[in-house]
Amino acid sequence: MHALPHECPVCGGELIVNRLSCRECDTAIEGRFISGVFARLNEEQLHFVEAFVRNEGKITRMEEEFNLSYPTIRSRLHEVIKALGFEPGQEAGGALSEEDRRKILEDLDSGKISSEEAMRMLEDA
């Protein structure tokens, strides 16, 4: 079965769902249904979002689960954010900027702060 497309291949407009049917009894329902923003995500992005929720948004857990580096996890998260129609980096007030995060990681790398302190600073953001 194919994923539900969200964009018209001819004009780029938003597609709507007009018909739903049951595989078991062939009942069909017709109308205009909204598919939601998550229909914009491909299968790999949906898998990433499921893992992100399961791991309570903790990037360190995501690194372990996917065996990927912090920058790679952040990059994939930014891809999902863009696919959902948002702009990465436009964080809520009080959250760390990308520059602040980078500074924390540099301080950790240079030994100015401990790994525990860096984790606390990143997770508190």
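Details of the structure are given in the entry above.
Visitor: Please explain the packing of helix H1 (residues 43-54) against helix H2 (residues 59-66) as it appears in this structure.
Guide: The axes of two packed helices give the description: the angle between them and the distance between them. In contact at an axis separation of 9 Å, H1 and H2 are set at 125° when each is read in the N-to-C sense. The pairing of H1 with H2 is recorded here as oblique in orientation. Our pair here, H1 against H2, has a crossing hand that is right-handed. Taking contact as the criterion, the partners of His 47, Phe 48, Ala 51, Phe 52 and Arg 54 in H1 are, on H2, Ile 59, Met 62, Glu 65 and Phe 66. Residues of the contact of H1 with H2, tallied by class, amount to 6 nonpolar, 1 polar and 2 charged.

Visitor: Honestly, the environment of Leu 122 in this entry has me stumped. Any pointers?
Guide: Within the secondary structure, Leu 122 is located in helix H5 (residues 115-124). The sequence separation of Leu 122 and Ile 59 amounts to 63 residues, and the corresponding C-alpha distance is 9.7 Å. The residues contacting Leu 122, other than those within four sequence positions of it, are Leu 96, Arg 101, Ile 104 and Leu 105.

Visitor: I would appreciate a short explanation of the pattern of salt bridges in the present structure.
Guide: For side chains of opposite charge, pairing can occur when their charged atoms come near one another. Counted under the stated rule, the structure contains 4 salt bridges. Of the charged contacts, one joins Arg 19 and Glu 30 as a salt bridge, the two residues approaching to 3.4 Å between their closest N and O atoms. Of the two residues, Arg 19 sits in strand E1 (residues 17-21) while Glu 30 sits in strand E2 (residues 28-33), which places them 11 residues apart along the sequence. You can call Glu 30 exposed: its relative accessible area is 62%. Asp 107 is the partner of Lys 103 in a salt bridge, and the nearest nitrogen-oxygen pair spans 2.8 Å.

Visitor: Can you walk me through the environment of Cys 8 in this structure?
Guide: Tracing the backbone shows Cys 8 in the segment before E1. Other than its neighbours up to four places away in sequence, Cys 8 contacts Gly 13 and Leu 15.

Visitor: Sorry, what's going on with the packing of aromatic side chains here?
Guide: In this description, a pair of aromatic rings is defined by centroid distance and the angle of the planes. Considering all chains together, one arrives at 2 aromatic pairs under this definition. With centroids separated by 6.2 Å and ring planes inclined at 15°, the aromatic side chains of Phe 48 and Phe 52 adopt a geometry described as stacked. Separated by 4 residues within a single helix, Phe 48 and Phe 52 lie in helix H1, roughly one turn from each other. The class for Phe 52 is partly exposed, based on a relative accessible area of 23%. A connected cluster of aromatic rings, assembled from ring pairs, spans Phe 48, Phe 52 and Phe 66.

Thresholds applied
- Residues numbered from 1 in each chain as written.
- Predicted model: local features only at pLDDT ≥ 70, side-chain atom pairs only at ≥ 80, totals over all residues.
- Heavy atoms only, no water.
- Axes fitted to C-alpha atoms, helices over the stretch in contact; angles between N-to-C directions.
- Helix = DSSP H or I, 4+ residues; strand = E, 2+ residues; numbered from the N terminus.
- Parallel < 35°, antiparallel > 145°, perpendicular 65-115°, else oblique.
- Left-handed = near helix turned anticlockwise from the far one by under 90°.
- Contact = heavy atoms within 4.5 Å.
- Nonpolar A, V, L, I, M, F, W, Y, C, P; charged D, E, K, R; others polar.
- Salt bridge = Lys/Arg side-chain N within 4 Å of Asp/Glu carboxyl O.
- Buried < 20%, exposed > 50% of the residue type's maximum accessible area, 1.4 Å probe, protein only.
- Phe/Tyr/Trp six-rings, centres within 6.5 Å; stacked < 30°, edge-to-face > 60°.

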